[in-house]
Amino acid sequence: MSGDRPGAAAGGGPAPGGFLLQGPPPPARIAAYAVLFALGLVIGVAGSLVQGGLFPGGLLLALAGTAGLFLGGSFLTRTRGGAVAPAAGWLVMVVLLTSSRPEGDFLFATGVGSYVYLLGGIAVAVMSATLGARVQPGGVPSRLGK
């Protein structure tokens, strides 16, 4: 380990456990996460309204919108958190919309489309956070060892 920076490896790349030793993220990234969370809230409302409108097309449009936001956030911030922040906003809004009111009204009907939207959105969030854009160790965009 080099002595100039805590958490730095000898080769200049991140050390094991480096995420915990890096310190807080920059304010611009925190702001981006907040905006992505708010967009996740919006896409949760829009998707829940669209998925029931035109059954097969609306459902595919809602899932494509969630996938676009989650992957776009990952590419924008170049971190997994860029996909997790809008996914968290989407999940919060969808859970709030699935609860019924005292009058008996609810937004999601009991049908295949609603369940596919809920489970498909969760699957899209997991895939986006797992496969999203990440920076190679050391900050170089090429493959390791080349």
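So, how was this worked out
Residues numbered from 1 in each chain as written. Predicted model: local features only at pLDDT ≥ 70, side-chain atom pairs only at ≥ 80, totals over all residues. Heavy atoms only, no water. Helix = DSSP H or I, 4+ residues; strand = E, 2+ residues; numbered from the N terminus. Buried < 20%, exposed > 50% of the residue type's maximum accessible area, 1.4 Å probe, protein only. Areas by Shrake-Rupley, 256 points an atom, 1.4 Å probe, with all protein chains shown as cover. Axes fitted to C-alpha atoms, helices over the stretch in contact; angles between N-to-C directions. Parallel < 35°, antiparallel > 145°, perpendicular 65-115°, else oblique. Left-handed = near helix turned anticlockwise from the far one by under 90°. Contact = heavy atoms within 4.5 Å. Nonpolar A, V, L, I, M, F, W, Y, C, P; charged D, E, K, R; others polar. Patch = residues over 30% accessible without salt bridge, like charges linked within 9 Å, V, L, I, M, F, W, Y side chains within 5 Å. Salt bridge = Lys/Arg side-chain N within 4 Å of Asp/Glu carboxyl O. pLDDT = per-residue confidence, 0-100. Expected span 1.5 Å × (residues − 1). Polar contact = N/O pair within 3.5 Å; in protein donor to acceptor, adjacent residues only side chain to side chain.

1. Thoughts on the overall build of the chain
Then step 1. Counting secondary structure elements, the chain contains 5 helices and 0 strands.
Then step 2. Reading the chain from its N terminus to its C terminus gives the helix and strand order α-α-α-α-α.
Then step 3. Relative to its full complement of 146 residues, the chain shows a buried share of 32%.
Then step 4. Surface summary for the chain: the accessible area is close to 9,100 Å², and the carbon and sulfur share equals 72%.

2. Side note on the packing of helix H3 (residues 55–77) against helix H5 (residues 112–131)
Then step 1. Remark: H3 packs on H5, axes separated minimally by 9 Å, with the N-to-C direction vectors making an angle of 20°. Looking at the two axes, H3 sits roughly parallel to H5. The hand of the H3/H5 crossing is right-handed. Residues Phe 55, Leu 59, Ala 62, Leu 63, Thr 66, Ala 67, Phe 70, Leu 71 and Ser 74 of H3 touch H5, and the partners they reach there are Gly 113, Val 116, Tyr 117, Gly 120, Gly 121, Val 124, Ala 125 and Ser 128.
Then step 2. Looking at the contact of H3 with H5, its residues break down into 11 nonpolar, 6 polar and no charged.

3. Things to note about a nonpolar patch on the surface
Then step 1. A cluster of nonpolar residues, Leu 91, Val 95, Tyr 115, Leu 119, Ile 122 and Val 126, forms a patch on the protein surface that exposes about 580 Å² of accessible area.
Then step 2. Going through the elements one at a time, helix H4 (81–98) and H5 are the ones with two or more residues in the nonpolar patch.
Then step 3. The element that contributes the greatest number of residues to the nonpolar patch is H5, accounting for 4 residues.
Then step 4. Along the polypeptide, Leu 119 turns up in helix H5.
Then step 5. What makes Leu 119 exposed here is its relative accessible area of 59%.

4. Some points on the confidence of the model for the chain
Then step 1. Of the residues in the chain, 73% reach a pLDDT of 70 or more, and the chain-wide mean stands at 79.
Then step 2. Note on residues 1–9: pLDDT is under 50 here. Beyond four places in sequence and across chains, it has 14 contacts.
Then step 3. The low-confidence segment residues 11–15 (pLDDT under 50) makes 11 contacts with residues lying over four places distant or belonging to another chain.

5. What about H4?
An α-helical segment advances 3.6 residues per turn. Residues three or four places apart therefore align on the same side.
Then step 1. Counted at 1.5 Å a residue, the expected span for H4 with its 18 residues is 26 Å, and the 25 Å between its end C-alpha atoms agrees.
Then step 2. Packed against the buried residues of H4 are helix H2 (27–50), H3 and H5.

6. Quick notes on the environment of Thr 77
Then step 1. Summarising the element assignment, Thr 77 is placed in helix H3.
Then step 2. Sequence separation between Thr 77 and Arg 29 is 48 residues, and the spatial gap between their C-alpha atoms is 7.0 Å.
Then step 3. With residues near it in sequence (within four places) discarded, Thr 77 still touches Arg 29, Ala 32, Tyr 33, Leu 36 and Gly 82.
Then step 4. At 3.0 Å, the side chain of Thr 77 forms a polar contact with the backbone oxygen of Gly 73.
Then step 5. Engagement of the side chain of Thr 77 in a polar contact is seen with the backbone nitrogen of Gly 82, the distance being 3.5 Å.

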